[in-house]
Amino acid sequence: MAKRYWCAECGFKTPWLDGAEGPGRQIEHYARKHPGTSPGGQVETRGRRRTTGRRAERHAGRRAGRHAPLREMGVPDMNEVSTRPGSATAAGVMGIAFGLAAVCGAVYVLLLLGDGNGFGLFGLPVLAFGAGVLRAGAKVLTGVSYAGDRLGQLALVPASLSGIAIGAMVASADWDGDATFAQLAGFIVTFLLAVVVITLCERPATKRYLGED
């Protein structure tokens, strides 16, 4: 049965893991982030309802007895487990929305191939990018470790491309067509949204939740 291991010193938690890999990840985390501190925390079993109060203490005690690697880790009360912060929720939702928009745009560009337009081939890398952002956003919402770092790295792509496009359009100073303003507005919105996603992924609360601190 898959289990997740929580740090007693910060909001770090491992992904859902089977076997002895989870305790090993916990020990590595303490060695890296809390040197000199004995490993502590709790183990959470997937699908098991969280409890509070005295029932939680009995439940934690029974679980610690069944999992020898955590016997010496001072299992805390189950109600001390941190919940997903708003910044992580916002980052995940925006990542999913960003990914869906990119996928839809890629499908539209790919349809141009039916008209013999070679530009449609650009839809393939855009489709791969959109799928990657969509997947990273979903992983942030489910609390997969280091998903925030991945989402932030992917968001750098539209932020960089949009920034370059905005600079090029401003430098050219060609404002004769109405389409120019629409394109510029699109690039600015894309740039701002990407920056917001990156900022949310870098928030301390998000990093603690995803074990990236």
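Residues numbered from 1 in each chain as written. Predicted model: local features only at pLDDT ≥ 70, side-chain atom pairs only at ≥ 80, totals over all residues. Heavy atoms only, no water.

Student: Please give an account of empty space enclosed by the protein that cites residues and values.
Tutor: Summed over the entire model, instances satisfying the criterion amount to one cavity of 30 Å³ or more. Roughly 40 Å³ of internal volume is contained in the largest cavity. Taken together, M94, G95, F98, F129, V133, L151, A155, P158 and V197 make up the lining of the largest cavity. Only α3 (86-111), α4 (123-142) and α5 (147-172) provide two or more residues apiece to the lining of the largest cavity. Tallied by class, the residues present in the lining of the largest cavity amount to eight nonpolar, one polar and no charged. (1 Å grid on protein atoms, 1.4 Å probe; cavity = no way out; pocket = protein on both sides within 12 Å on 5 of 7 lines; lining within 4 Å. Points joined across faces, edges and corners; volume = space filled by probe spheres on them. Helix = DSSP H or I, 4+ residues; strand = E, 2+ residues; numbered from the N terminus. Nonpolar A, V, L, I, M, F, W, Y, C, P; charged D, E, K, R; others polar.)

Student: Outline the pattern of salt bridges, listing residues and values.
Tutor: One pass over the structure, following the stated rule, counts three salt bridges. Put simply, R4 and E44 hold a salt bridge, and the shortest N to O gap is 3.3 Å. With R4 in strand β1 (residues 3-7) and E44 in strand β2 (residues 41-45), this residue pair connects regions lying 40 residues apart in the sequence. Under the relative-accessibility criterion, R4 is labelled buried at 9%. Here the salt bridges do not stand alone but share partners, grouping D149, E202 and K207 into one network. (Salt bridge = Lys/Arg side-chain N within 4 Å of Asp/Glu carboxyl O. Buried < 20%, exposed > 50% of the residue type's maximum accessible area, 1.4 Å probe, protein only.)

On their own, these measurements won't tell you what the molecule is for.
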